[in-house]
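# Coordinate analysis (summary)
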Amino acid sequence: MLITNKKISDTDLESALIIWDFLTQIDDLNKADLIFVLCSHDIRIAKYAVDLYKNGYANRILFSGGLNFFTKNIFTDSEADSFAKFATNEGIPIQDVFIENQSTNTGENIQFTKSLLNKMNIKVNSVIAIQKPSMTLRIRLALDKQWPENQFRISAPNYSLMEAPHKYINLYMIINEIVGDLQRIIVYSKLGFQSETSIPESVESAFKYLISRKYNLHLIR
């Protein structure tokens, strides 16, 4: 369990909410060829993928994710294998579940998944991509740059910042995570990894404030 912690002030929380709301961008959904799950530390995403499948949004699920800073302390297998096991235990037929378990970041999620689909000769034109709510903007910008030939709808389980913590990740770590995610949106567009987006002044101010408060565990150095 990740036990890193500190006292969170009301101003810390207000700033984190500003960033959370900016990072969360969810589409209305239509039926698609594939549910593309960019895995993480939160098993609720696997549950959401199962719900989408059972509600007829797609007849195939692809789980993508190895292990990273957070999940190496949570899962014994890769994120993708752990999520796939959850899905099959929930009744999803194993032949409808695909696993990409080598990626360690969003760019690799996309590139390794494209490669796997090509090797399996699976053609998809429409995809529902899901992650945590606070990752939806990052996913959109990365897909727009790295997989522009497909039609994507971006979604996530419906929960708030205050509901984001779970058994293994507390609110302090969630705030560190979203500060790092916002930094990646700023930096990765300059490196060509994703499309650019404008950062509102209120979001930039919240970002700088939280860094000054040492929410820096998830920053790229």
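This one's a predicted model, so the numbers in the text were calculated from it and none came from an experiment.

This paragraph deals with the packing of helix H5 (residues 136-146) against helix H6 (residues 171-190). Following both chains from N to C, one finds H5 and H6 inclined at 20 degrees, their axes separated by 10 Å at the closest point. Relative to H6, the element H5 is oriented roughly parallel. Like other packed secondary-structure pairs, H5 and H6 cross with a definite hand, here left-handed. The segment H5 lies against H6, with Leu137, Arg138 and Leu141 engaging Asp181, Arg184, Ile185 and Tyr188. For the contact of H5 with H6, the per-class residue count stands at 4 nonpolar, no polar and 3 charged.

Before going further, it helps to spend a moment on helix H4 (residues 106-119). Given a rise of 1.5 Å per residue, 14 residues ought to cover 20 Å, and the 20 Å separating the end C-alpha atoms of H4 matches this to within 8%. Of all the positions in H4, only Thr106, Asn109, Ile110, Thr113, Lys114, Leu116 and Leu117 are classed as buried. All buried residues of H4 project into a common sector of 165 degrees when viewed along the axis, lining one side. Across H4 from its buried face, at more than 90 degrees, point the exposed residues Asn118 and Lys119. Looking at the buried positions of H4, the neighbouring elements they touch are strand S1 (34-38), strand S2 (61-64), strand S3 (97-100) and H5. Regarding H4, its N-cap is asparagine 105, as a side-chain oxygen of that residue lies 3.1 Å from the backbone nitrogen of glycine 107 further along. Looking one or two places after H4, you find asparagine 121, whose phi comes out positive at around 55 degrees.

Another aspect to go through is helix H7 (residues 201-212). Between its terminal C-alpha atoms H7 stretches 17 Å, which fits the 16 Å expected from 12 residues at 1.5 Å a residue. Turning to H7, the residues buried within the fold contact helix H1 (10-23) and H6. Trailing H7 by a residue or two, lysine 214 shows a phi angle of about 75 degrees, which is positive.

Bringing the pairing of S1 into the picture now. Extensive coverage of S1 is indicated by the burial of 5 of its 5 residues. Here S1 shows no split at all, with Leu34, Phe36 and Leu38 on one side and Ile35 and Val37 on the other all buried. When S1 meets strand S4 (residues 126-130), the two strands line up parallel, connected through 4 bridges. Bridge pairing in S4 places leucine 34 opposite valine 127. The sheet contact formed by S1 and S2 spans 4 bridges and is parallel. Paired with valine 37 across the bridge in S2 is phenylalanine 63. The β-α-β motif built from S1, the intervening helix H2 (residues 44-54) and the parallel element S2 has right-handed crossover chirality.

Scanning all chains against the criterion turns up 7 aromatic pairs. Ring geometry for tryptophan 20 against tyrosine 159: centres 6.3 Å apart, planes inclined by 40 degrees, an arrangement best described as tilted. With tryptophan 20 in helix H1 and tyrosine 159 in the loop between strand S5 (151-155) and H6, the pair connects residues that are 139 residues apart, well separated along the chain. Considering the side-chain rings of phenylalanine 63 and phenylalanine 83, the 6.2 Å spacing of their centres and the 75 degrees angle between planes classify their relative orientation as edge-to-face. In this pair, phenylalanine 63 sits in strand S2 while phenylalanine 83 sits in helix H3 (residues 79-89), placing the two residues 20 residues apart along the sequence. By relative accessible area, which is 0% here, phenylalanine 63 ends up buried. The exposure class assigned to phenylalanine 83 is buried, which follows from its relative accessible area of 0%. What links up through ring pairs into an aromatic cluster is the set Phe36, Trp147 and Phe152. The ring of tyrosine 159 is capped by arginine 44, whose NZ or CZ atom sits 4.0 Å from the centre of that ring.

Calculation notes
Sequence order as written defines the numbering, with residues in each chain counted from 1. In view of the model being predicted, local features appear only for residues whose pLDDT reaches at least 70, and side-chain atom pairs are presented and counted only at 80 or more, with totals across whole chains, interfaces and linings using the full set of residues. The basis for every side-chain value is the complete set of heavy atoms in the structure, and neither hydrogens nor water enter the calculation. Axis lines are fitted through C-alpha atoms, for helices just across the contact stretch, and the angle between N-to-C directions can take any value from 0 to 180 degrees. Here a strand is any run of E in DSSP of at least two residues, a helix any run of H or I of at least four, and the numbering for each starts at the N terminus. Orientation categories follow fixed angle ranges, with anything under 35 degrees roughly parallel, anything over 145 roughly antiparallel, 65 to 115 roughly perpendicular, and all other angles oblique. Put simply, a crossing is left-handed when the front helix is turned counterclockwise from the back one by less than a right angle, and right-handed when it is turned clockwise. Contacts are assigned to residue pairs that have any heavy atoms within 4.5 Å of one another. Only Asp, Glu, Lys and Arg are considered charged, only Ala, Val, Leu, Ile, Met, Phe, Trp, Tyr, Cys and Pro nonpolar, and every remaining residue, Gly among them, polar. Expected helix span is taken as 1.5 Å per residue step, with the number of steps being one fewer than the number of residues. Here's how the labels work: a residue is buried when its accessible area is under 20% of the maximum for its type, exposed when over 50%, partly exposed in between, all with a 1.4 Å probe on protein chains only. Arc definition: directions from the helix axis to the C-beta atoms. Pairs of N or O atoms within 3.5 Å make up the polar contacts considered here, provided that, within protein, one atom can donate a hydrogen while the other can accept it, and that residues adjacent in sequence are counted only when both atoms are side-chain atoms. Following DSSP output, two strands are said to pair if at least two bridges run between them. For the handedness criterion, the strands are oriented away from the viewer, and a crossover whose path from the first strand over the helix to the second runs clockwise is classed as right-handed. Working definition: rings of Phe, Tyr and Trp (its six-membered ring) pair if their centres are within 6.5 Å, and the pair is stacked with planes under 30 degrees apart, edge-to-face with planes over 60 apart, and tilted otherwise. Over a ring means this: the NZ of a Lys or the CZ of an Arg is within 6 Å of the ring centre and within 35 degrees of the ring normal.

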